[in-house]
Amino acid sequence: MSIRRMTMGTGYRYLMSSVARSDEATRASGLTGYYAVTGTPPGWFLGAGLAGLRGGAGVEPGSQVSEEQLWRMLGMLQDPVTGEQLGRPPTGQGMVFVDHLGRVRKAKQSVAGFDLTFSAPKSVSVAWALADEPTRARIQAAHRRALQAVIAYGEAQVFATRTGHAGAISEDVRGVVATAFDHWDSRAGDPQLHTHVVVLNRVQSVVDGKWRTLDSKALFRAAVGMSELYNGVLADELTRDLEWAWAPESRARSAEPKWEVDGVGKELREEFSQRSSVIERAKDELVEAFVASHGRQPIAREVIALRQQATLATREVKQVKSLAELVRSWRARARDFIGDDQQAWVAHLAGGHTQKLVTARDLGDGILADAATLVVGKVADKRSTFTRANLLAEAHRQLHGVRFATPADRIDVAERTATLAADRAVMLTPAEAVHAPEHLRRPDGSSMLRARNSEVYATQELLDAEARLLAAGQATDAPTVTTSVAAKLGRMLMPGKEHVLSPEQAHAVATVVTSGRRLDVLVGAAGTGKSTTMAGVRAAWEAEHGPGSVVGLAPSAAAAEVLADAVGVPTENTAKWISEHRSLPEREARLREYAARLAGAYPSQATRQLQLQARAELAAYRRWALRRGQLVIVDEASMAATKDLDHITAAATKAGAKVLLVGDWAQLSPVQAGGAFKLLADAAGQGVATLHDVRRFRHEWERDATLRLRVGDITVAEEYAAHGRVESGARADMLDLLFDAWLTDQRAGRSSLMVAADADTVHELNARSQAWRLNAGEVMQDGIRCGDGTVVGVGDVVVTRLNVRALTTGHGWVKNGDDWVVTASGTDGSLRVTRPSNGAAAVLPAEYVREHVELGYASTAHRAQGRTVDTAHAYVTSTTLREPLYVMTSRGREANRLYVDTAHEPESATTHGDGEHVEPLEVLRKAIANSGSDLAAHEVRRQERARLRQTLHTTQRLIPALHDPPGPDQLGREI
């Protein structure tokens with residue numbers, strides 16, 4: 001299930017555009033009646049909130065929705081039947097105004113509703129497309145029952161409205177007013193059974209019956225769990241009705257498996273997961289004609305014009321088809337995979353599940369307690385703090401392999417598991433400071449002064465780890481460098497560098513090496529010279545403590561290699577170091593055993609061999625052990641997990657060593673629970689070593705702009721636009737411009753980077769790059785197929801995605817994130833690759849190629865962090881967050897250009913209309929304003945306490961205004 005906001009006056013056209021004409025619809029009987037009719041069935045009403053329409057007379061669930069009724073809902077926020085205004089009428093629609101800087105701005109569009117799109121897994125859609133008509137109807141009925149179960153659950157547990165000053169009161173609602181539109185295919189014409197459930201942004205409060213705005217925060221907070229619930233209930237319904245079995249499959253870019261119908265093969269599913277569209281195919285034909293007539297490839301802006309021409313030319317081609325026509329085309333495409341008797345093939349999927357369907361009574365608290373431990377462990381591993389919604393979503397994921405008898409059974413088990421999981425965590429949200437009056441309490445006794453299930457949790461284990469890190473940051477008994485050495489820093493030439501430290505860098509080095517803190521922090525914005533500063537720290541430390549006294553660590557093997565080059569010391573990734581460090585007790589035991597055996601051994605060849613083994617073991621022990629006086633530098637520390645930093649710091653403290661964390665809290669967070677770096681930097685206050693002088697960029701304005709973006713100053717968006725760094729338009733056009741600009745830079749000899757925050761865009765940019773190089777003859781046509789379906793040929797740029805130390809290069813080993821150029825391919829599926837940076841070569845076995853090799857022309861923001869190039873070209877959408885945007889805008893020395901998608905549709909496959917265009921600067925402002933960083937549990941606890949103080953302040957004014965004046969004892973206490 002995906003969610004899309006629908007602003008006033010938009011959305012209803014694309015929902016109505018495919019609905020069968022009324023004269024045909026009147027002759028159709030039920031869903032199966034639309035098999036031969038051009039178009040899809042008309043929308044239908046659903047939701048318990050329908051009872052409040054028509055002045056309380058209600059609207060019948062399942063009744064048909066007319067175009068006029070949908071317009072009243074989405075265009076006017078009115079009762080779809082009577083036209084009565086529901087709640088406060090929208091204001092400012094279509095208006096413009098002049099802001100405080102004298103700029104003409106559009107008024108913000110009101111949200112009319114939310115498109116909750118329930119899309120069946122691809123295996124279900126494929127089986128539905130190829131089944132006989134009765135089976136198809138049963139599959140669609142199961143899909144409907146699943147989405148109705150989710151909407152009903154949302155009405156009981158999720159949907160709410162907020163009233164009072166600053167929305168202090170969260171009130172339950174009588175249900176939602178929604179319409180559902182069933183669709184058959186994806187935007188590319190592939191089978192994709194899905195339903196758009198449009199939830200009106202007006203709900204009726206159970207307290208006073210008034211119509212108010214839906215609490216969208218509560219909806220979005222619960223969206224993932226609702227999506228997982230839909231997948232689980234759909235699987236249950238299909239198993240109960242058709243006896244289908246389900247199988248988990250791993251995904252390339254996710255640790256979570258996806259569940260598909262057992263027996264619907266991957267190749268068949270991929271055949272029906274095409275990314276192309278009618279417009280793109282027509283555009284490609286126009287490009288071919290352009291090349292034939294002009295003798296050259298069109299430039300990016302010419303391609304955009306050709307796509308616009310293709311859009312006009314294909315309007316007639318895009319006429320809505322009947323399901324019968326679609327099924328005929330789908331069956332023709334499936335013939336090469338499963339033959340002609342496709343209905344029998346679907347029938348054979350039945351009978352795969354033979355076990356009894358589970359009820360809630362079948363699972364006792366002991367079983368669920370084990371599940372709850374797993375749930376809280378998985379959630380806490382990914383984020384430092386979490387809500388019940390996070391626990392509930394994970395509970396649903398863990399239950400995907402269980403088939404339940406009814407939706408109520410699945411919901412009951414998931415809720416009980418989430419409750420048990422929450423009991424294993426620490427609630428960071430304080431208890432209520434005000435005893436709410438009876439009429440501000442829900443039927444279950446919970447207070448309306450707090451949104452349902454909004455409490456925030458953390459594990460005690462993480463809180464303890466953060467506390468130990470904070471204590472280490474305050475302790476000042478660590479080794480230091482004498483002031484006589486520190487005084488020479490301004491004149492010290494850095495190892496491997498051609499310049500001395502700047503005054504700011506020298507001051508930062510002196511602060512670190514003389515502080516005596518067990519755990520120190522060096523904060524530097526992008527481009528401030530953190531690498532040079534770390535080289536200065538190493539030089540100063542070794543001048544005092546001798547060679548080998550500095551150890552380098554980084555969260556990834558690739559970052560560790562960069563650190564080694566910058567600082568000139570042996571480095572390792574944190575995971576490997578921690579693993580080896582934990583094995584030191586076993587190494588100590590082996591060393592004692594060697595010593596005992598050698599103590600009484602006579603000189604012999606066997607003794608000599610034993611001595612060599614003992615020396616190797618001792619060398620390994622010393623490599624992974626810390627000793628007094630050492631300094632451990634952890635680079636890119638903002639991307640290091642809190643538990644990893646805790647282990648490293650504890651080991652250093654025990655050995656009498658010091659730890660220095662280097663990074664930038666404004667850049668990307670770790671994939672595991674993090675936030676410790678910023679917590680420690682904030683705790684150090686004015687005493688933290690900080691680099692402010694940005695030295696990377698050629699243009700002075702860009703140095704200042706990145707610092708403003710870094711701290712969330714949304715007005716800097718205008719700065720990028722004023723300097724010509726912003727392009728805007730539809731996705732395809734922006735990718736054309738981005739690729740063309742990157743290619744121009746490459747041809748000019750500049751190091752250039754294409755970067756996006758999401759993996760799908762990176763995949764598409766990689767495909768464009770490869771296609772161009774194939775056409776130019778720079779890559780061989782034949783190649784090796786990788787796991788994501790890409791065929792890699794000689795000449796291609798690829799990236800490896802797994803650390804394998806056994807795959808050596810002569811200058812190291814194969815790492816996750818390494819870039820390579822393919823120089824040869826083997827008949828067994830292997831690839832010979834070389835590093836463009838130093839020419840080091842490796843042979844990647846066929847199995848590694850299939851699973852862990854991708855095209856490497858473009859990069860995600862995560863992989864780009866730490867890189868510096870001449871120019872960077874970044875794709876930006878309405879879902880981009882500040883941290884990846886900051887990374888993407890700070891890679892290029894000469895220029896960083898932004899290509900803003902002003903009509904972004906995250907679920908493009910099930911979006912059938914043109915996206916609503918937003919002003920590009922509005923997209924940038926939203927990205928800059930929205931932080932996605934993982935905050936430490938201690939910081940979240942502080943925020944929760946501050947929020948409660950504000951709530952108390954609001955409530956003390958609110959309660960007397962709404963109810964009888966309370967006595968002093970009712971006001972509770974302030975925190």
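Definitions and limits used
- Residues numbered from 1 in each chain as written.
- Predicted model: local features only at pLDDT ≥ 70, side-chain atom pairs only at ≥ 80, totals over all residues.
- Heavy atoms only, no water.
- Phe/Tyr/Trp six-rings, centres within 6.5 Å; stacked < 30°, edge-to-face > 60°.
- Helix = DSSP H or I, 4+ residues; strand = E, 2+ residues; numbered from the N terminus.
- Buried < 20%, exposed > 50% of the residue type's maximum accessible area, 1.4 Å probe, protein only.
- Lys NZ or Arg CZ within 6 Å of the ring centre and 35° of its normal.
- Contact = heavy atoms within 4.5 Å.
- Salt bridge = Lys/Arg side-chain N within 4 Å of Asp/Glu carboxyl O.
- Pairing = 2+ DSSP bridges.
- Axes fitted to C-alpha atoms, helices over the stretch in contact; angles between N-to-C directions.
- Parallel < 35°, antiparallel > 145°, perpendicular 65-115°, else oblique.
- Left-handed = near helix turned anticlockwise from the far one by under 90°.
- Nonpolar A, V, L, I, M, F, W, Y, C, P; charged D, E, K, R; others polar.
- Polar contact = N/O pair within 3.5 Å; in protein donor to acceptor, adjacent residues only side chain to side chain.
- Core = buried A, V, L, I, M, F, W, Y, C linked by side-chain atoms within 4.5 Å.
- pLDDT = per-residue confidence, 0-100.

Q: Can you lay out the packing of aromatic side chains for me, pointing to particular residues and giving the numbers?
A: For the coordinates displayed, the defined rule picks out eight aromatic pairs. Judged by centre distance (6.5 Å) and plane angle (80°), the rings of Trp742 and Tyr857 are edge-to-face. Within this pair, whereas Trp742 is found in helix α27 (residues 731-747), its partner Tyr857 is found in the loop between β33 (853-855) and β34 (858-860), the two being separated by 115 residues in sequence. Here Trp742 falls in the buried class, since its relative accessible area comes to 7%. Accessibility expressed as a relative area gives 6% for Tyr857, which makes it buried. Taken together, the ring pairs in this structure connect Trp128, Trp184 and Trp330 into an aromatic cluster. The cationic tip of Lys678 hangs over the ring face of Trp665; the distance from NZ or CZ to the ring centre is 5.2 Å. Directly above the aromatic system of Trp665 lies the positively charged group of Arg710, at a separation of 4.4 Å from the ring centroid.

Q: Tell me about the environment of Gln69, and please be specific about residues and values.
A: Position of Gln69 among the secondary structure elements: in helix α3 (residues 67-76). For the pair formed by Gln69 and Asp79, sequence separation is ten residues and the distance between their alpha carbons is 8.0 Å. Apart from residues no more than four positions distant in its own chain, Gln69 is found in contact with Phe45, Gln64, Pro80 and Val81.

Q: Can you lay out the pattern of salt bridges for me, pointing to particular residues and giving the numbers?
A: If the charged atoms of two oppositely charged side chains come close together, the side chains can form a pair. For the structure on display, the rule yields 63 salt bridges. Two residues, Asp664 and Arg710, come together in a salt bridge whose shortest N-O distance is 2.8 Å. Pair noted here: Asp664 is in the loop between β21 (658-663) and α24 (676-684) and Arg710 is in helix α25 (residues 700-710), with a separation of 46 residues, a long-range link. Overall, Asp664 belongs to the buried group, its relative accessible area being 2%.

Q: Could you give an account of the pairing of strand β5 (residues 111-119), naming the residues involved and the relevant values?
A: The buried count for β5 comes to seven of nine residues, which makes it a mostly enclosed element. Looking at chain direction, strand β1 (residues 2-7) and β5 are connected through six bridges and run antiparallel. By the bridge assignment for β5, Arg5 is matched with Phe114. As paired elements, β5 and strand β9 (residues 191-200) share seven bridges and run antiparallel to each other. What sits directly across from Ser119, in β9, is His194.

Q: Give me the lowdown on the packing of helix α13 (residues 388-398) against helix α14 (residues 407-423), citing residues and values where you can.
A: Interhelical geometry of α13 versus α14 gives an angle of 130° and a closest axis separation of 9 Å. With respect to their mutual orientation, α13 and α14 come out oblique. Here α13 runs over α14; the crossing is right-handed. Every residue of α14 that contacts α13 at Arg388, Leu391, Leu392, Ala395 and His396 is listed here: Arg410, Ala414, Glu415, Thr417, Ala418, Thr419, Ala421 and Ala422. For the contact of α13 with α14, a count of residues per class yields seven nonpolar, three polar and three charged.

Q: How would you sum up the side chain of Asp190? Please name residues and give values.
A: Mapping Asp190 onto the fold places it in the loop between β8 (178-185) and β9. When its relative accessible area of 1% is taken as the criterion, Asp190 is described as buried. There is a polar contact of 2.8 Å between the side chain of Asp190 and the side chain of Arg333. Beyond its immediate sequence surroundings of up to four residues, Asp190 is in contact with Lys122, Trp184, Asp185, Glu271, Phe272, Ser273, Gln274, Trp330 and Arg333.

Q: Give a description of the nonpolar core that names residues and reports values.
A: Membership of the largest hydrophobic core comes to 85 residues, with the highest contact counts inside it found for Leu116, Val197 and Trp330. A total of eleven residues in this core trace back to one element, the largest contributor, which is helix α6 (residues 216-242). Apart from the residues within four sequence positions on either side, Leu116 is in contact with Met1, Ser2, Ile3, Ile151, Thr195, His196, Val197, Val199, Leu219 and Met226. Ranked by size, the runner-up nonpolar core spans 34 residues in total, among them Ala741, Val822, Leu831 and Val849.

Q: Requested: an account of the sheet that holds strand β16 (residues 456-458), with residues and values cited.
A: With antiparallel pairing, three strands are arranged side by side in an open sheet as β14-β16-β15. Either end of the sheet is taken by a strand with one partner, and the two such strands are β14 (386-387) and β15 (426-427). Relative to β16, β14 runs antiparallel, the two being bridged by two bridges. Each bridged residue has a counterpart across the sheet, and for Phe386 the counterpart in β16 is Tyr457.

Q: Outline the confidence of the model for the protein, listing residues and values.
A: The pLDDT averaged across the protein works out to 88; a share of 90% of its residues lies at or above 70. This stretch, residues 961-975, has a pLDDT under 50; its non-local contacts, to residues over four places away or in other chains, come to 21 contacts.

Q: Outline the sheet that holds strand β32 (residues 841-844), listing residues and values.
A: In spatial order, the strands read β32-β31-β30-β27-β33; together these five strands make up an open sheet with antiparallel pairing. Looking at which strands have only one partner, the edges of the open sheet turn out to be β32 and β33. Put simply, the sheet's adjacent strands are angled 45° from each other on average, direction ignored.

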